[in-house]
Amino acid sequence: MIGLGTIINVGAILLGGIIGALFGKFLKDSLQTAIIKSTGICVMFIGLSGALEKIMSVSDGKLTSGGTLMMIASFAIGTLIGELIDIDGKIEKLGEWLKTKTGSAKDTTFVDGFVSASITVCVGAMTVVGSIQDGLFGDYSILLVKSLLDFIIIIVLTSSMGKGCVFSAIPVLVLQGGFTLAAKLIQPYMTDMALNNLSLTGSILIFCVGLNLLRKNSVKVANMLPAIIVAVIWAFF
């Protein structure tokens, strides 16, 4: 069944959110703060390891690096576009709307939780490649692995940042569902170089999410999202 991978992924996020919300009720504020910081360190490490995997390579027994120019250009151009559009502001408005509609007006962490969780589970090559494979061949194996990872991540984030994290299931449904439906159109452009660039920029964005968990609102990560598109386009020049 085409699209089953996204359905499983959304279900995993919802289940992880429910478990995390129930667990979080038994945590004191000091413990929640500690978990947020420890989670931030883990998310930063995930992003850093993913970036280093793509930027570093071994050639003739020597460690070399590449993609630096692409990385700098993608984030410079992408952030400029993101700031002009103000993606961060629009996502926060969506979070505020969801906060009101779900009767969570007094939840001070709702929007931060929604934004942080959404970027963490939406950014990355697994989202694109998994959705394309699901759309073309009905193969949801990559999204199944992603679902397990998202399940664990959302449990931890929700337990410390509240139920706003659960609603990250919405952008996952929209994005992955969109990629699955448009798989035949997207697939020719997902070359090895394009996927490598996407993974590198996506990992850096995940690192920035972790940084924000440690130091609230240090970086407007959402406004940097166009860097992924620039990075993919860069692969064709």
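This structure is a prediction, so every number in the text was calculated from the model and none was measured.

Comments concerning the environment of Leu148
And step 1. Within the secondary structure layout, Leu148 lies in helix α7 (residues 141-161).
And step 2. Residue class for Leu148 comes out exposed when judged on its relative accessible area of 53%.
And step 3. Expressed as a C-alpha distance, the spacing of Leu148 and Met224, which sit 76 residues apart in the sequence, is 26 Å.

Looking at the state of the cysteines
And step 1. For the structure on display, the rule yields 0 disulfides.
And step 2. Not part of a disulfide, Cys122 finds its nearest cysteine sulfur in Cys165, a span of 13 Å.
And step 3. The exposure class assigned to Cys122 is buried, which follows from its relative accessible area of 12%.

Some points on helix α4 (residues 87-101)
And step 1. Compared with an ideal rise of 1.5 Å per residue, which puts 15 residues at 21 Å, α4 spans 21 Å between its outermost C-alpha atoms and is within 8% of the ideal.
And step 2. Buried within α4 we find Ile87, Asp88, Gly89, Ile91, Gly95, Leu98 and Lys99.
And step 3. Looking at the buried positions of α4, the neighbouring elements they touch are α3 (68-85), α5 (110-122), α8 (169-181) and α11 (226-234).
And step 4. Looking one or two places after α4, you find Gly103, whose phi comes out positive at around 70 degrees.

A closer look at the packing of α5 against α7
And step 1. At a closest axis distance of 11 Å, the pairing of α5 and α7 adopts a crossing angle of 165 degrees. As far as their axial angle goes, α7 and α5 are roughly antiparallel. Between α5 and α7 the crossing geometry is right-handed. Contacts between α5 and α7 involve Asp112, Gly113, Ser116, Ala117, Thr120 and Val121 from the first element and Lys146, Asp150, Ile153, Ile154, Leu157 and Met161 from the second.
And step 2. A class-by-class count of the residues in the contact of α5 with α7 yields 6 nonpolar, 3 polar and 3 charged.

Rules used in this analysis
- Residues numbered from 1 in each chain as written.
- Predicted model: local features only at pLDDT ≥ 70, side-chain atom pairs only at ≥ 80, totals over all residues.
- Heavy atoms only, no water.
- Helix = DSSP H or I, 4+ residues; strand = E, 2+ residues; numbered from the N terminus.
- Buried < 20%, exposed > 50% of the residue type's maximum accessible area, 1.4 Å probe, protein only.
- Disulfide = S-S within 2.5 Å.
- Expected span 1.5 Å × (residues − 1).
- Contact = heavy atoms within 4.5 Å.
- Axes fitted to C-alpha atoms, helices over the stretch in contact; angles between N-to-C directions.
- Parallel < 35°, antiparallel > 145°, perpendicular 65-115°, else oblique.
- Left-handed = near helix turned anticlockwise from the far one by under 90°.
- Nonpolar A, V, L, I, M, F, W, Y, C, P; charged D, E, K, R; others polar.

Geometry only, nothing functional implied.
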